[in-house]
Amino acid sequence: MFQGLRRAAVPVATIAGFLAIWQIAVVLFRVPTWLLPAPSVIWLEFIKQAHLLGIHVYVTAVGAIGGLIIGAIAGLLLAVAMTHSKVLESILMPLLVIDQSIPKMALAPIFVIWFGTGTLTRVVIAMVISFFPMVINTLRGMTTVDKRLNDLMHTISASRWDILTKIQLPNAIPYIFSGLKVAVPLSIIGAVVAEFMQSDSGLGYVVLIAVGNVNTPMVFVAVLLMALLSLSLFAFLSGVEWLTMRRRFQHLIARVEH
Amino acid sequence: MNIGTPLTSSPTRDPSRDGLATSRADEAARVRPDDIAYPKAVIELKDVSKTFDTRQGKVQALDRVSLSIRPNEFVCLLGPSGCGKSTVLSMLAALNRPSAGSVTIDGRSADDARKENKIGLVFQDAVLLPWRTVEENIALPLEVLKVARTERASRIKAALNLVRLEGFEHCFPHELSGGMRQRLGIARALSFNPRVLLMDEPFGALDAITRDKMSIELLQIWERQQKTVVFVTHSIAEAAFLSDRVVVMSPRPGRIAAVIDNPLPRPRTFDVRDTPEFLVLQKRLRQHLSEG
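Parameters and conventions
Residues numbered from 1 in each chain as written. Chains lettered and ligands numbered in written order. Predicted model: local features only at pLDDT ≥ 70, side-chain atom pairs only at ≥ 80, totals over all residues. Helix = DSSP H or I, 4+ residues; strand = E, 2+ residues; numbered from the N terminus. Buried ≥ 20, exposed ≤ 12 C-beta atoms within 10 Å, placed from the backbone. Pairing = 2+ DSSP bridges. Contact = placed C-beta atoms within 7 Å. Core = buried A, V, L, I, M, F, W, Y, C linked by C-beta atoms within 7 Å. Domains from an automatic or database assignment. Nonpolar A, V, L, I, M, F, W, Y, C, P; charged D, E, K, R; others polar. Axes fitted to C-alpha atoms, helices over the stretch in contact; angles between N-to-C directions. Parallel < 35°, antiparallel > 145°, perpendicular 65-115°, else oblique. Left-handed = near helix turned anticlockwise from the far one by under 90°. pLDDT = per-residue confidence, 0-100. Expected span 1.5 Å × (residues − 1). Bend = angle between axes of the 7 residues up to and from the residue.

Tell me what's going on with the overall build of chain B, and back it up with residues and numbers.
In terms of helices and strands, chain B carries nine helices and 10 strands. Across the 292 residues that make up chain B, the buried fraction comes to 39%.

Outline the sheet that holds strand E5 (residues 108-109) of chain B, listing residues and values.
In sheet architecture, strand pairing relies on hydrogen bonds along the backbone and comes in two forms, parallel and antiparallel. Residue and element names in this part refer to chain B. The sheet built from four strands is open, its strands ordered E2-E1-E4-E5 with antiparallel pairing. The open sheet is flanked by strand E2 (57-69) and E5, the only strands paired with a single partner. As paired elements, strand E4 (residues 100-105) and E5 share two bridges and run antiparallel to each other. When the sheet's bridge partners are listed, Thr-104 is paired in E5 with Ser-109.

An account of the environment of Pro130(B) is needed here, citing residue identities and associated values.
Relative to the helices and strands, Pro130(B) resides in the loop between strand E6 (119-122) and helix H4 (134-144). Note on Pro130(B): 15 C-beta atoms within 10 Å, which makes it partly exposed. Sequence-wise, Pro130(B) and Ala208(B) are 78 residues apart; in three dimensions their C-alpha atoms are separated by 25 Å. In contact with Pro130(B), other than residues within four places in its own chain, are His251(A), Phe172(B), Pro173(B) and His174(B).

Any chance you could break down the nonpolar core for me, citing the residues and the numbers?
Side chains of a nonpolar character, in soluble globular proteins, are inclined to be buried together. With 85 residues, the main nonpolar core has Leu78(B), Leu92(B), Leu198(B) and Val230(B) as its most contacted residues. A per-element tally of this core places helix H6 (residues 178-190) of chain B first, with six residues. Mapping this core onto the domain boundaries places at least three of its residues in each of domain 1 (39-118 + 194-291) and domain 2 (128-178 + 188-193) of chain B. Those residues in contact with Leu198(B) that lie beyond four places of it in its chain are Leu89(B), Leu92(B), Ala93(B), Ile119(B), Gly120(B), Leu121(B) and Val230(B). Formed by 50 residues, the second largest nonpolar core is a distinct cluster that contains Ala172(A), Tyr175(A), Val219(A) and Met226(A).

Quick one: what's the story with the interface of chain A and chain B, residue by residue and with numbers?
Many descriptions give the size of an interface as the accessible area lost when the pieces come together. Counting residues at the interface gives 17 residues for chain A and 20 residues for chain B. Taken together, the elements giving at least two residues each to the side of chain A that touches chain B come down to helix H6 (147-155), helix H7 (160-197) and helix H10 (250-257) of chain A. It is H6(A) that provides the largest number of residues to the side of chain A that touches chain B, a total of six residues. Across the side of chain A that touches chain B, the residue classes tally to six nonpolar, five polar and six charged.

I'd like to hear about the packing of H6(B) against helix H7 (residues 208-225) of chain B, residue by residue, with values.
Residues and elements named next belong to chain B. Here H6 crosses H7 at 20°, and the two axes come no closer than 10 Å. Considering the angle they form, H6 stands roughly parallel to H7. Handedness of the H6/H7 crossing: right-handed. Facing H6, whose interface residues are Gly-178, Gly-179, Gln-182, Arg-183, Ile-186 and Leu-190, H7 presents Thr-210, Lys-213, Met-214, Glu-217, Ile-221 and Gln-225.

Can you tell me about the pairing of E6(B), naming the residues and giving the values?
Residue and element names in this part refer to chain B. Going residue by residue along E6, you find Ile-119 and Leu-121 tucked away on one face and Gly-120 and Val-122 tucked away on the opposite face as well. Sheet topology note: the E6/strand E7 (residues 196-200) ladder contains four bridges and is parallel. Counted as the bridge partner of Ile-119 is Val-196 from E7.

Hey, could you go over the domain arrangement of chain B for me, with residue numbers and the actual values?
All names here are of chain B. Structurally, chain B comprises domain 1 (39-118 + 194-291) and domain 2 (128-178 + 188-193). Taken over C-alpha atoms, the centre of domain 1 sits 26 Å from the centre of domain 2. Contacts between the two partners involve nine residues from domain 1 and, on the opposite side, eight residues from domain 2. For the side of domain 1 that touches domain 2, the element with the highest residue contribution is H7, accounting for four residues.

Lay out the sheet that holds strand E10 (residues 255-261) of chain B with the relevant residues and their values.
Residue and element names in this part refer to chain B. Strand order in this open sheet of six strands is E6-E7-E8-E3-E9-E10, and the pairing throughout is mixed. Looking along the sheet, the strands with just one partner apiece sit at the ends: E6 and E10. Recorded for the sheet is a direction-independent mean angle of 20° between the axes of neighbouring strands. In this sheet, strand E9 (residues 245-250) lies alongside strand E3 (residues 74-78) in parallel orientation, the contact comprising four bridges. Paired with Cys-76 across the two strands is Val-246, which belongs to E9. Relative to E6, H6 is tilted by about 170°, and along the sheet it contacts E6 and E7.

Requested: an account of the confidence of the model for chain B, with residues and values cited.
Residues and elements named next belong to chain B. Across chain B, the average pLDDT comes to 83, with 86% of residues at 70 or higher. Within chain B, the element-level pLDDT minimum falls on helix H1 (residues 15-37), averaging 44, and the maximum on strand E8 (residues 228-233), averaging 94. Within the model, the stretch residues 1-37 combines pLDDT values under 50 with seven contacts to residues more than four positions away or in other chains. Scoring of the predicted complex yields 0.80 for pTM and 0.77 for ipTM.

Can you lay out H7(A) for me, pointing to particular residues and giving the numbers?
One turn of an α-helix holds 3.6 residues; hence residues three or four places apart share an orientation. Taking 1.5 Å of rise per residue, 38 residues should cover 56 Å, yet H7(A) covers just 45 Å from first to last C-alpha, more than 12% shy of that figure. Within H7(A), the axis deviates most sharply at Ile173(A), by approximately 45°, and proline Pro174(A) lies no more than four positions further along.

In structure tokens, the structure reads:
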């Protein structure tokens, strides 16, 4: 308990110190609010508008989480397909690399044409950018299996299904969690970019409107809410990861902590 | 596999060839009574050669290796690295096919033997599933072989008892010592009662003291289980202590330099290593190794 407090003390103090310097600097140098609002101003703006912001947080969260879930499932399935067919792997790998080289943000306007300005576009953009880290990580997790385990499975005439469910997927679990953690902030970027294009709600929309009104404190509020959303998703995933890994993957957790 | 078929065949009937064939058949018939007197070989390698294609060109890993292993025999393949001992083992496990010659287990191809679950594999450093407990690791082959749940439980219990891991069923591999992990590897290999146990330098990663203990344990397990064991090692002392016969192999290309019968009495204890016979055997093995 005491150790936990001490571990939390350093980051909390760092953030508090940062906010304090920010506040003091803005007041001291009389930086205009439209250029850089002080933390206290941002906070007051948040309190004032909080009742209006809930719906926007919700809309962005739905887009990001929806895209994340679909992207994760698609990535997982694709990785499974690629480990089980050399032909599929040789076809899909170059496509994946090309896909990753395309800046998804540049495609956002096209997605708006295809899918409109609603939730669907948010989900699609969030999906296409969170998909790649999922494929790559799952693929790595499934293929970094000791070759001798495959030999062992071969000598007992194991089916592909047995190898997949008993060896490859369990082996990939820690990698899948790493992929998800990388994908979380990406999915929020995806949802917000969709809102930047054209929309009538969401945190991206809030940023656009606030910039239009030169309401800089509101811009900061929206951006901080995005960060908070990303952090809570990350924390949630870490919790799930801990619950799944603490027993069966203790050998990995122990290695990380030392 | 049609490796044994001749490359040339005459379209017309050749009387001399037919004659040869019948005489071979007669020979086979005459040999048969002996089979009853001497137990039939479980493992039979006939003129097995193996070449691998590498970037440096063709590399001959094995050159006409012939060997037959009797039921319940403990045979050690001894040799330096590159002598093809692991290649022999992988052929017995049907992970590899000979380029020429034949490998049979119980008179059938290694692949058939594999399909009939006659082969148990034990590796260096055990190769366990870190996310499975001790009993779940033993259960792995039983699940794959679709052994019923109740039957599975009793087999796991028997395997745990055999390798003295009772009380550790719910531990994870990383919580076990190196020797215990290796015992778990053996228990997993024996859980489905294979006829042949193939062991690839199983104690190679263990410290000397644990290694000695494991040797004794392995002999005890083998005496209780009566399996045919093919044990790959590069330790002369280990081969001399464990085996009924030692197959000394030499490298480039891998071939059999000598097959030495082990005269040491069983059951063996550590004391056997202080007897003159043990030292003589070790000396002979060393000589053959250096000659090959």
